[in-house]
Amino acid sequence: MFAVDGRMWPWPCAIEREAAVRPSEISGMLLDKNYFNDVTGTYMQYTVTVTVPPAQRDYYSALYETLTAPVDGHRFRLPYNQGFLEVTGRVESVKDDHVRLPGGGLFWKGCKFTILANHPSRSVTLGEAIARGRAPVPQIASPEEGDTFTWFEGRWSRTAGYPDGDDIAY
């Protein structure tokens, strides 16, 4: 079972998950031939194939309309280990098959879609970064070149601002 935007879809389905541990843009090979892996977080991706009974075509249509809505994301509740994971994610494509029955009836079946998380499901906390020997980086919206910051009383504080050395004549 899974849920989209708070609505449970109880039909039989196959759910495949993939965890992408994504590095930041500063990750890469260093001059000493060691790989520097600056991980931004673990992003989940789920591929869901739903089997909807032909008698419930209206529910199938409602699911299809929900998944194909041109929105930036949906709230999903998906299986994760022995529980569930809540993610906000996007659906980039939905695939299904149109079937004609021997008696002339028509229906859609085999709805398959992939959910890509818009945010990491797991990331390193400030304490974990410091414990691993990484320099913590403040999440400041618009720092200026030359700014310095100190972690003080549970938040980052700007402690000094130094002028750009490129503009100083000696």
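As the structure is a prediction and not an experimental result, all values here were calculated from the model.

(A) Spatial organisation of the overall build of the protein. Within the protein, the secondary structure is distributed over 2 helices and 11 strands. From first element to last, N terminus to C terminus, the protein shows the α and β order β-β-β-β-β-β-α-β-β-β-α-β-β. Here the C-alpha atoms of the protein give a radius of gyration of 24 Å, more than 25% beyond the 15 Å that 2.2 N^0.38 yields for 170 residues. Taking the principal axes of the C-alpha coordinates as reference, the protein spans close to 90 × 35 × 30 Å. Counting across all 170 residues of the protein, residues that qualify as buried make up 24%.

(B) Layout of the nonpolar core. F2, V50, L67, F76 and F113 are the most contacted members of the largest nonpolar core, which totals 21 residues. Looking at this core, the elements that each hand over two or more residues are strand 1 (2-4), strand 6 (39-50), helix 1 (57-67), strand 7 (74-80), strand 8 (83-100) and strand 9 (106-117). Beyond its immediate sequence surroundings of up to four residues, V50 is in contact with F2, W11, P12, C13, L63, G110, C111 and F113.

(C) Expanded view of the packing of aromatic side chains. A complete count under the given rule lists 3 aromatic pairs for this structure. The structure contains a cluster of three or more aromatic residues connected by ring pairs, namely W9, W11 and Y59.

(D) Spotlight on the pairing of strand 6. Bridge count between strand 3 (residues 13-23) and strand 6: 11 bridges; the pairing is antiparallel. What sits directly across from E18, in strand 6, is Q45. Looking at chain direction, strand 6 and strand 9 are connected through 6 bridges and run antiparallel. The residue of strand 9 that forms the bridge with V50 is C111.

(E) Structural view of the pairing of strand 9. Looking at chain direction, strand 8 and strand 9 are connected through 9 bridges and run antiparallel. Residue R100 lies in a different strand from strand 9, and its bridge partner there is L106. Count of turn residues in the strand 8/strand 9 antiparallel hairpin: 5 residues, of which G104 carries a positive phi of about 100 degrees.

Calculation notes
- Residues numbered from 1 in each chain as written.
- Predicted model: local features only at pLDDT ≥ 70, side-chain atom pairs only at ≥ 80, totals over all residues.
- Heavy atoms only, no water.
- Helix = DSSP H or I, 4+ residues; strand = E, 2+ residues; numbered from the N terminus.
- Rg over C-alpha atoms; globule rule 2.2 N^0.38 Å.
- Buried < 20%, exposed > 50% of the residue type's maximum accessible area, 1.4 Å probe, protein only.
- Core = buried A, V, L, I, M, F, W, Y, C linked by side-chain atoms within 4.5 Å.
- Contact = heavy atoms within 4.5 Å.
- Phe/Tyr/Trp six-rings, centres within 6.5 Å; stacked < 30°, edge-to-face > 60°.
- Pairing = 2+ DSSP bridges.

Read these as spatial facts, not as claims about activity.
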